[in-house]
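Chains, contacts and geometry: an overview
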Amino acid sequence: MLLLVACRDEQAGPRPRTQKMPTVEQLQPRTLDTVPGDLTFRSGATFAGGAIVYLGSRVTPAQATPGQQVTLSHYFQAARQVPPGYGFFVHIIDPSTGQMLINADHEFQNGLAPLGTWPVGKIIEDTHAIQLPQAAARVVLGFWRDDQRLPVDDPRAQDGQNRMIGPELGGKAPELPEYKAPRAQKPPVIDGVLDDEAWKSAPVAVLQGSFDGRPVVLRTEARLTYDDANLYVSFDAEDPDIWGTLLKRDEPIYEQEVVEIFLDANANGRTYNELQVSPHNVIFDAYFPARRQGMDTGWDSGMKTAVKVKGTIDDPSDRDERWTVELQIPFARLAEVPNVPPKKGDRWRFNLYRLEHLGRTNVEGQSFSPVFVGDFHALPRFGWLTFD
């Protein structure tokens, strides 16, 4: 499973070239005289001042289910001599955010038809296979050299990053889940022990695989409740080996074992807060004015946290059982809260996460609302938090 989390960069760029490049004598581009009549996406947009025409693509089978392998065939034509030295890229992206779901970069025709070898006037076909993502996606493609992309002539035919718009893939993403947080009659005591009446009255949210919603190896239960001043969050994380080496506030604890809550209080899909706690009760809190932009770790959430470990932390020689966490988050410190305290029926966007390093090597990402991309900052996939 691909997982890029918290404040790490998204996947980007071409894959490393591992295959041996053919010699000039071996370069024999496969060409067609006419465009196939069964294209599932037709374009006609051009690159580099009309030098290259993107005719369109064919997706086979045209109607496929998430997780199914499909074949993508892309068709181009050189209207005149095309510039050499550019590689071919294909990105499968989330259509709502532009975030990359799959990097399908490869050598055009497996290296037989680099850009400078295309015969003028002939149709050039490239074919490759991908596995459909779990949610709706779109193909964008083009040509790159170093840190530049070959320009797309018509701004309407590209995504603003010189990635030519190609066919849509897959179906509608699953509906966003909702959590209804009850008002606490008496706030929980923040001691890491989940025996308060407030937690017994709150519904359980069981976290799923963050990338695709699949069942996870280690169970994590979360609950939320609130009063006039604070939002309260608890996590109960099953864990046979509880550990962590980062012991200072706002260190990148998201690179180790951690539980997290992201809060977009005004549900605008832009400003949000990220709050994390490690098994050592180290916290990370940050404010973002926009998705992954302007991260401010100088912002102080004012939250109070406590952790209870059932086991021996940082000792891999024995088998631990679990760690439990409580967070008390002041409403007044969060970004752009519409009402303090929230009114009954107010709806925020939020997500809950856990990172577990199985065997300290294999990272398992968990979430309340699966994001279907390798990025916990996928704001359009945040679920709903309703104040009941």
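Bear in mind that the values here come from a model prediction, so they are computed numbers and not experimental data.

**Notes on the environment of K310**
- Looking at the element boundaries, K310 is found in strand β19 (residues 304-310).
- Separated by 68 residues in sequence, K310 and I242 have C-alpha atoms that sit 9.0 Å apart.
- Among all residues touching K310, those that are not within four sequence positions of it are I242, D320, E321 and R322.

**Structural notes on the domain arrangement of the chain**
- Domain boundaries in the chain define domain 1 (31-169) and domain 2 (178-387).
- Measuring from the centre of the C-alpha atoms in domain 1 to the corresponding centre in domain 2 gives 40 Å.
- The interface is formed by eight residues belonging to domain 1 together with seven residues belonging to domain 2.
- Here domain 1 meets domain 2 over a buried area of about 590 Å², counting both sides, of which 67% is carbon and sulfur.
- For domain 1, the biggest contributors to the area lost against domain 2 are Q99, L101 and Q134; these three give 67% of the whole.
- Viewed at the interface, domain 2 and domain 1 are joined by zero salt bridges.

**Re the confidence of the model for the chain**
- Mean pLDDT over the chain: 91, with 93% of residues reaching 70 or higher.
- Scored below 50 in pLDDT, residues 1-19 shows 67 contacts in the model against residues more than four places distant or in partner chains.

**Focus on the side chain of E356**
- Along the polypeptide, E356 turns up in strand β21 (residues 347-358).
- In contact with E356, not counting residues within four places along its chain, are L218, D239, E257, N362, V363 and E364.

**Brief notes about the nonpolar core**
- Core analysis: the largest hydrophobic core is formed by 53 residues, its most contacted members being F47, I52, F76, I92, W118, F143 and L169.
- Both domains that furnish three or more residues to this core are identified here as domain 1 (31-169) and domain 2 (178-387).
- Excluding its chain neighbours within four sequence positions, the residues that come into contact with W118 are I52, F76, A78, V82, F108, A113, I124 and F143.
- Counting 35 residues, the second largest nonpolar core, distinct from the first, contains L224, F235, V277 and F387.

**Some details on the environment of F372**
- Considering the arrangement of structural elements, one finds F372 in the loop between β22 (362-367) and β23 (383-387).
- Sequence separation between F372 and D212 is 160 residues, and the spatial gap between their C-alpha atoms is 5.3 Å.
- Sequence-distant contacts of F372, that is, excluding residues within four places in its chain, are made with L101, Q134, A135, P174, S210, F211, D212 and R381.

**Here's the deal with the sheet that holds strand β12 (residues 205-206)**
- The strand order across the open sheet formed by five strands is β12-β14-β15-β20-β19, and the pairing between neighbours is antiparallel. Looking at strand neighbours, the two that pair on one side only are β12 and β19, the edges of this open sheet.
- Strand direction decides the pairing type here: strand β15 (residues 230-238) and strand β20 (residues 322-330), joined by nine bridges, are antiparallel. Looking across to β20, one finds that F235 is bridged to V325.

Procedures and definitions
Residues numbered from 1 in each chain as written. Predicted model: local features only at pLDDT ≥ 70, side-chain atom pairs only at ≥ 80, totals over all residues. Heavy atoms only, no water. Helix = DSSP H or I, 4+ residues; strand = E, 2+ residues; numbered from the N terminus. Contact = heavy atoms within 4.5 Å. Domains from an automatic or database assignment. Buried area = accessible area lost by both parts, 1.4 Å probe. Salt bridge = Lys/Arg side-chain N within 4 Å of Asp/Glu carboxyl O. pLDDT = per-residue confidence, 0-100. Core = buried A, V, L, I, M, F, W, Y, C linked by side-chain atoms within 4.5 Å. Buried < 20%, exposed > 50% of the residue type's maximum accessible area, 1.4 Å probe, protein only. Pairing = 2+ DSSP bridges.

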